[in-house]
Amino acid sequence: MGAAILSTIGLAQEGRLLEAVRRALTLLEATEGESALRLLNVLGACYDLLERPEEAVGCYRNALQRCGGDHDQTRRKVLVNLGVALARLGEHAEALSHFDQARVLAVEPAQRARLEMDAALSHLAMDRLETAGAALFRARAEATRAGHTVTLFFIRHNEGLLDEARGRIDDARAGFLSLLAEALPPSLEAATLLALARVSRGPDRVAAARRVLELNVDSDEHAIPAAELLAGALEEQGDLAGALVATKDLYRRAEARYEERHRRSLDLLRVQHEVSTLRARAVELAEANARLRVLNRDKDELLAIIGHDLRSPLTAVMMIADRLQDAPPPAQTVLLGTQLMGSADRMHRLIRQLVDAHEVEAGQDGARSELDGASLAREVVGNLDPIARKKGIALRYIGPETLSVVGEPRALEQVLSNLVDNALKFSSDGTVTLELQPGPRFVVEDEGPGLSDVDLLRAFGKFERLSARPTAGETSTGLGLYIVQGLVRRMGGRVQASNHDRGARFVVELPGG
């Protein structure tokens, strides 16, 4: 990741700003810590150079939120850049606040000199001239201590701007001329010539303005105001033809600048859209992969169920069939037949659960109709009573003789059968009740071990087995309650699990008839 960040910084330094923006936006998704701060700082600087100060401010604020109180020097750089961006937006008071915070973190004289200089410019913009002068005095002292010549050039330029603001035009002009005698960076030379043109008159203004235009600096930041000054100066001198030419040049430059900014904005929007699209696709892929992992886990669970729960009854069927071939006595044949039916019933119940789970997930709705919930509940109790008697459990129906319910007959029968079967499976004695209440509400209660806190959270999950184990060696696929919830929701109802003072309670609420 470090090499990728350095590559991004290199792109920005080479002026390949859009490529740097694309790279930074892409890397941010997988970056944390100081690396993320550096990327956000680079991204903000790119937006600054692309003349998008609002987006630059957003990046810098994001970086500050991420770094908290850590990474002091990276934080200092971000604070400085945020202050400069806010100053460009005219938010000088807030800019000064960030400069003050950065000053506390500055450890080198050159760093403090830059901060004092930036603060001076904001004070100057707010017409706080004395405060600006004090800041420039401190900046000069720090830059001199650091021996930082280029910073001293900028400080001298800003001192000239301060003299101009104070109305000391001759001092400002002398300062700019003295500075221009030095070997200045092109951008500072253009800025100083422009400042000199502002404080000059007549031929001197014309010469200074023309010199700005001859520099052909990359940005029109200085060229357009220089062309405007040149046109005005030539008109004052009576050179109307020259003023007309200068005015045409001004409009040409302004139009070219507008077109360039418009093109950059479109290019930037295209880059942001591309990255946003890639991010959306990445999210879709991540979600698809998550679904595939779930499906793969379900497949493994299904294979485990088939391998374990079907293998035992199938083995029993094969053994019984083999023994039947030996033509045993009739009584033994009856016993073997009973065992064969039991094994076949276990397989049938398992297969039915797998099919029901598939129907729930496929969203296959059945036909709803009005039916007698009491009659259906008594039927379920009657069907499962032999299992209850075999385990010594009293299975009872409690409720009215008749009560209208709207639902799917087969689905409701499956729901009640699963809940009562579960109650019997996890009980060793006592009573299991299926109660029908007005609402309508079906309540199944047992006197088993109840549900743990984890069970209550996960009871209706697919392949989720309860912490308690079946009391007579019955199989548990973890699908019964999952199917219950799916079928109940399909019928427009809801199911809840809880404990009562003697065991577990499941409540199914459905629309009434």
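Structure: above.
Owing to the predicted nature of the structure, the values given are computational and were not obtained by experimental measurement.

Draft legend 1. Just helix α2 (residues 17-28), in detail. Compared with an ideal rise of 1.5 Å per residue, which puts 12 residues at 16 Å, α2 spans 16 Å between its outermost C-alpha atoms and is within 8% of the ideal. The set of residues buried in α2 consists of L17, L18, A20, V21, A24, L25, L27 and L28.

Draft legend 2. Looking closely at the side chain of H123. Checked against the element boundaries, H123 lands in helix α7 (residues 109-125). When near neighbours in sequence (up to four residues on either side) are disregarded, H123 contacts L96, R128, T131 and A132.

Draft legend 3. Focus on the packing of aromatic side chains. Using the criterion set out here, one finds one aromatic pair in the structure. Geometrically, the ring pair formed by F460 and F506 is edge-to-face, given 6.3 Å between the ring centres and 90 degrees between the ring planes. You can see F460 sitting in the loop between α18 (453-458) and α19 (480-490) and its partner F506 sitting in strand β7 (residues 503-509), a full 46 residues away along the chain. An identical accessibility class is assigned to F460 and F506; each is buried.

Draft legend 4. The arrangement of the packing of helix α4 (residues 53-67) against helix α5 (residues 72-88) in detail. Running from amino to carboxyl end, α4 crosses α5 at an angle of 150 degrees, the nearest separation of the two axes being 9 Å. Taken together, the axes of α4 and α5 lie roughly antiparallel to each other. Viewed along their axes, α4 and α5 form a crossing whose handedness is left-handed. Listed contacts from α5 to P53, V57, Y60, R61, A63, L64 and C67 of α4 are R75, V78, L79, N81, L82, A85 and L86. Tallied by class, residues from the contact of α4 with α5 come to 11 nonpolar, one polar and two charged.

Scoring rules and cut-offs
Residues numbered from 1 in each chain as written. Predicted model: local features only at pLDDT ≥ 70, side-chain atom pairs only at ≥ 80, totals over all residues. Heavy atoms only, no water. Helix = DSSP H or I, 4+ residues; strand = E, 2+ residues; numbered from the N terminus. Expected span 1.5 Å × (residues − 1). Buried < 20%, exposed > 50% of the residue type's maximum accessible area, 1.4 Å probe, protein only. Contact = heavy atoms within 4.5 Å. Phe/Tyr/Trp six-rings, centres within 6.5 Å; stacked < 30°, edge-to-face > 60°. Axes fitted to C-alpha atoms, helices over the stretch in contact; angles between N-to-C directions. Parallel < 35°, antiparallel > 145°, perpendicular 65-115°, else oblique. Left-handed = near helix turned anticlockwise from the far one by under 90°. Nonpolar A, V, L, I, M, F, W, Y, C, P; charged D, E, K, R; others polar.

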